[in-house]
Amino acid sequence: MFSNLFQKLFWYRTPCECDATQLDTRSQPKEASRFSHAETVVSQPHTGTPNEHVRVDVSVHVFESQNQRHHSQHHISNAPTAPPAPPFQCPPALSQPTLPSHPQLKQNEMRAAPPAAPLQQPPALLQPALPSHRVTQVHEVPAANVQPQAPTSADIEWDVWPNGHIVKIYSHEDAKQPEINDFHVHWACEGVGAPRKQGSLDALEWRDGVRTRRRCNGVIVCTNHESKGGSCAIVIRPNTTKKLIAKQLEATCACGATLVHSNCRTIHDIFKFSGGVCFVHRGFHNHIRPPRRLHLTKAELAHFQKVIEEHPRMGATQLVMGRPGINGPQESVATISPVLLNTARVNHERKKVFTKSRGKDIIAEFTEFQRQYPDFVIFHTFEPVAVVITQSPIMLSFLVKNHSNGIISDAAHGFWAERNDLLIISSVFSDALQCWVPGVMTWSNGGTETHYRHHFRALFETMAGEYERQNIILTDDLFANVIDFSQAERAGFVNAYVEFWMVREDNTRPPEELAEAARGLLKGCRQHFHAQVTRIKKISGVVPPALAEVFADRVLQLLQCQDLVTFKSISSSLIRDYPKAEDWLNWWMADGRAEMLFAPFRRMPDNLWYNLEDTTNAEEAMHWRIYCGLGKFHGFVAGLHALRAFSEYWQLQSAGNSSGIPLFYGNMRQFWQKWKAELGTTHPSRAPEKIAAKKRTRNDGRPPDTARQLLGKHSIDVDDVLDTSLSPTKQPRLHDMKRASYKWSNNSCWLDTSLELLFIAISRDFETSFSPRLSELTDADSLSLLSHAFEARTVIQGSDPSAPEDIVNVLFAQRESLRHDLVNKKIISAMDSFEAIFTWLGSLLNYPRDGAIKFMHGYFHLHMIDVRSCSGSLSNELSFMQDQHWQTLRKPRTVFHLQLRRSETEQFDGDVSKWFRHYIQVKKPPEKMPSCWCVFDGEVYCSGAATCLKFCSHIPITLIIEIDDQDAQGHNNNGSSWHFPQTIRPLDGKAEERQGVVYEIVGRAFFNPGSSHFIARFATPDKRVYDYDGMKFGGYATVDRKAKINTHIAGTHRLISPPPRYNTCAVIYHLRGGTEAQRYFSRHQMALAQQMFDIEFVDSHNGSQLTDSDLSIPREIRLCGDHVAIQSDVKRFWAQDQTISTKCVDYVARKKHHPVTESSLPPPSISQPRPPKRKRVQLHISDSDDDIPSTQQPLPPPPLSQEYEFYCRCGSREHGDLQKESEVAIQCDNCERWSHIACQRDGRASTLTKKQAFYCDTPDCAPYRDRTQVRRPERVARHITVPIVKRLLPGKGALARHGKYWYPVRIKSCRRVGGRALFTVKWWRHCFFKHNTQPPGEVSEEDLVDALYGDRKRRRMIRLGKWTHAHEVPQHEDVNVTM
């Protein structure tokens, strides 16, 4: 009885309700509905009173309206039978939106339970709050007493609104069916915790299974709701927790009334056990249904899935608004269910449809596909890679009939849904169809060599079989392919070709020869190369934007090269001019790619090469045709069906062509070739007249707002710049177009160009740095004419002139006046003479020869200090020459302009910034002199090693750097190898930049050797770039709007787009900080010179109290400290010339007041023969007891008869051979003297690598030593991982224990004795030992410490002895005779 009851109960299925948080039923039509009541009565014994029966009545309420809506309610009751109740109206709260009818719903209505006498509703359970809702009075019966029923396969149905007492069991298979929807319900339920007694999934009875319980939270309505007699129809779905429900109740209803929670507390359980899943629902819902639905029903899902299958590429917004159709939009998916009003929900459900379709059994589908089309898949494998190769008979016929253009192979990435899958197609051109057609199509799950090998192997095998069937002899050229530059594709082709021939009986070639032949059958795609050139030229960090087209033209020249010499010449020049593109160029020129693209490396015969296509564009067009006709992102089997349809398309095309059906109109199917021949473009819309028509039809509602419309063409017609017909307000500003300058006349280009560049530089700080210097000039000064001319030009061009021709005439007169003055001063020979560009200015600054240097000279001058030093020699007769002596200029010498030589390019890597910094800096190695300066009548009186250090103490504001026309070797020097940066920083650090010690590039001067003409290119402070040529444009400098400083002025000569046949001859820079930067630089340089070499100005404040004028004039310098000047001219017999005597000062070392020791002896002469040079001798500690020697000498000792120089800081200075020394020595890389390794500070000679240089502690080697000085390591913690025998190298300092106290020592060597390390040490000579005991010469490892930083405990255990500190010893710190 119960089985029939539950079967009829689950025959019926109710639809869902609107997915909205608030449902206003007043907006819905309140139509009269008919109510049909079907009931089944079943009796069974009741557990309460004996012989009492329970009435179980199942009522199915069907609300029928125009849209065929249905609702069901299930009741279990023990009420007596009553007459049928009259029909009643549908309550407003249960009104639903109009939904379309569905055939399944009518079928469910027909399958409703047979009619029975309706039950009379007991008065006790009537709900006064819900007057319009009919509720039947029931006595609750525990669900456990109801015998569950399992539905049949055709009866699997799920009610999303379960109500009443329900117990139903589903098998595991049925529970997973989509119809069940994971037992989802639409009631607002919350989860209930698991019971104390946990069930088991292996239980035999459902009561003992794992239980999941959910409880209904009812609904939230307001006090003005219709169910309470009010007028509000809003019903709110409660949240899942009490806390959230309380928060909902804090708000008010939209009508203003208070919200009330109508709780239900009805529960339902889901039991999972070994037999399946049991759903148990207990109790009745005493409230109306919540308004928001959560899930789609089976019919709704089926309908939605059908829509998606018909429109797979349509998005969620289109689906909700209405699918586009010919006669307007079709119906929205929201008509299927109100849940689908949400576009996010539509997108989610849409993805589920795709996931479901992809989750099918691929192997079964693929097998079915092969059964349907047995001849389409010619090869497939899924191990170790997955490849499915397809080919139809018509595709094979295309392969063997058409070879006029060869084969093109390429892979597409967007055809398959899996992004790593590829569609590889090899196509040929069909003369009959006049288009490219596919020959072989392959699905692959990757693009490795193995994938391509399978594809090409199938291509070769099918072609060979067809050729043999037609009795055609196979030749290599039949398999020629045009491919891209993938290494995997290239290797796959070669390996497939070798495998193909190796298994054939008619093959006579070895694998190596076959591989060589295969490489000669591949041609690369030129379009890929062109696209790469376009991509690289747009990277401004690799190619300057102004040189993008130049770069592209030069790279494309590689495709035209026919010989290897020309190719290498062009490629090397490209790498030189664009060094950041070197890796890109090398990739293309690599072996394997170059032979597919460039003629000098080509392996393919010329006749075959020119018969093949140059690009793979035809295959790219094939991919586009597939995407347009078949779509993209297909699943595996769906994509195979699409490929099958594609092959059938070509079958129909071929059949139609054979039948005479026109497949296209006209004489040519490839219309783009006709358009290109007629219009010069591949599309009619790109024709010039079409583009012009588009320009003419400009929107009249839009003002001219583009750069082209507002600025016009970039090229400027200077003759038409000033249009007198225009009003002054509309006339363009002069300085925006051109600048008045000097007009050429009688070989004046050298003077015009230099004056123009000087004025641009001076105008940057005219008021702050240049104008104050004019006050000291008089009319008799040589610079007065030049300075006042610049002042007058500044005043003239300070405003926007109305008559620019007058400015040119004024400048012309000034230039002629200056040239006349130069002739009078005999700086130039004649008014029309041709001179070097800046030589006249240097001569003008030095005129007259012995004239006074003034403040203005410092604007252009550098001040250089020369310090000569000689080591002296014991063989000298004069005592002061036996020791080190020095010579300096009394005042710094002035330098006007600097010159670059080609021989210095390699030394400084062509970097002007490196060259200039080295030229002016103090910390640098001195230059070696041929001999000492102590020379008289051609005889050298000192045989010591002499050096000269040159550094700058004052820099100019305007820096002029010229390039020698020819260097000492006679090479032409056009400046192409030098890189002129946009800024030069003479000093390091942010402080220097804040002070403005930065040079900024102003402009370049160019020279044409053929026409002997100078021109200029410069930048104004507003960063506009101008080109100046006095012979053009009437003496005006014209602006180049496209040019930038970093691309047209800064950089190498080749990269700045120089004028044709012009070379860079000079570059001018300007000091950003002006006079203040000069002062800062001078103080910085002299402070550094005093610190390193005791050089200072005679005024000890080094310029801190001087005026700017004093700083610009060379001041007297001197050597201080231990240096004593030689005042007697008798001793300075080499300086008897009065000029030298007044300009130079000689110094010797100051005499010491302490007794003369061995350390005070001068160094030996360097003219003695030396032993073979040994860079270093490193200490070596062995872990075995057999390795007794503690040092390892990489070179054998010199012969005993050979003398050497020994000059150590410990005072040892003698002649002899190295074998007589008891300690290991090392030779200096600069002065080539020998010294002890153990005497070097902090053991620095013991830690040198094989390639590191060593410089001793003599003053001459100090600059070298400062460059190679290694930063002192930071203090380390007490947990030191390096053992002490590897830390304490010769020369390191440590503390050694003698008795109970610790004293300072210096490590000399180390050796192993019986597994322990013994260190030979030298004790500090000013230690005071207890009882005057003599310390040992060797100390064990346990009696030495060197690093106790962070080890507080061990540090407190050290008891220091007594000794005199080094700073307390009354003698020079470097003289350690007994140390």
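Remember, predicted model here, so these are calculated numbers, not experimental data.

Calculation rules
Residues numbered from 1 in each chain as written. Predicted model: local features only at pLDDT ≥ 70, side-chain atom pairs only at ≥ 80, totals over all residues. Heavy atoms only, no water. Pairing = 2+ DSSP bridges. Helix = DSSP H or I, 4+ residues; strand = E, 2+ residues; numbered from the N terminus. Buried < 20%, exposed > 50% of the residue type's maximum accessible area, 1.4 Å probe, protein only. Axes fitted to C-alpha atoms, helices over the stretch in contact; angles between N-to-C directions. Contact = heavy atoms within 4.5 Å. Nonpolar A, V, L, I, M, F, W, Y, C, P; charged D, E, K, R; others polar. Expected span 1.5 Å × (residues − 1). Arc of directions from axis to C-beta. Disulfide = S-S within 2.5 Å.

Colleague: Please explain the sheet that holds strand 45 (residues 1293–1298) as it appears in this structure.
Modeller: What links the strands of a sheet is backbone hydrogen bonding, and the strands pair in either a parallel or an antiparallel sense. The sheet built from five strands is open, its strands ordered 49-47-46-45-50 with antiparallel pairing. Lying at the two open borders of the sheet, with one neighbouring strand each, are strand 49 (1338–1340) and strand 50 (1344–1345). Bridge count for strand 46 (residues 1301–1313) against strand 47 (residues 1316–1323) is eight bridges, and the pairing is antiparallel. What sits directly across from S1309, in strand 47, is T1320.

Colleague: Would you mind showing me how to read the environment of F664 here?
Modeller: In this structure, F664 sits in the loop between helix 19 (636–658) and helix 20 (671–679). A relative accessible area of 21% means that F664 is categorised as partly exposed. Taking the C-alpha atoms as reference points, F664 and L433, separated by 231 residues in sequence, lie 9.6 Å from one another.

Colleague: What am I meant to see in the packing of helix 9 (residues 393–401) against helix 19 here?
Modeller: How two helices sit against one another is set out by the angle between their axes and by the gap between those axes. With their axes 9 Å apart at the nearest point, helix 9 and helix 19 run at an angle of 65° to one another. On the side of helix 9, the interface is formed by I394, M395 and F398, while helix 19 contributes S647, W650, Q651 and S654. Each residue belonging to the contact of helix 9 with helix 19 can be placed in one class, and the counts come to four nonpolar, three polar and no charged.

Colleague: I would appreciate a short explanation of helix 5 (residues 298–310) in the present structure.
Modeller: In an α-helix, one turn spans 3.6 residues; hence positions three or four apart end up facing the same way. Under the 1.5 Å per step criterion, the end-to-end length of helix 5 is 19 Å for 13 residues, consistent within 8% with the ideal 18 Å. Along helix 5, the residues that are buried comprise E300, F304, V307 and I308. Buried residues of helix 5 fall within an arc of 100° about the axis and therefore sit on the same side. Residues of helix 5 that are exposed and point more than 90 degrees away from the buried face comprise E309 and E310.

Colleague: Would you mind showing me how to read the state of the cysteines here?
Modeller: Simply put, disulfide is the name for a covalent bond between the sulfur atoms of two cysteines. For the coordinates displayed, the defined rule picks out zero disulfides. Free of any disulfide, C870 has its nearest neighbouring cysteine sulfur in C942, separated by 3.4 Å. Judged by relative accessible area, which is 0%, C870 ranks as buried.

Colleague: So what exactly am I meant to see when it comes to the sheet that holds strand 6 (residues 189–192) here?
Modeller: Taken together, five strands build an open sheet; the order of strands is 5-11-10-7-6 and the sheet is antiparallel. For this open sheet the edge positions go to strand 5 (166–170) and strand 6, each flanked by a neighbour on one side alone. Taken pair by pair, the neighbouring strands of this sheet meet at an average axis angle of 20°, ignoring direction. The pairing of strand 5 with strand 11 (residues 276–282) spans five bridges and is classified as antiparallel. Bridge pairing in strand 11 places V167 opposite V280.

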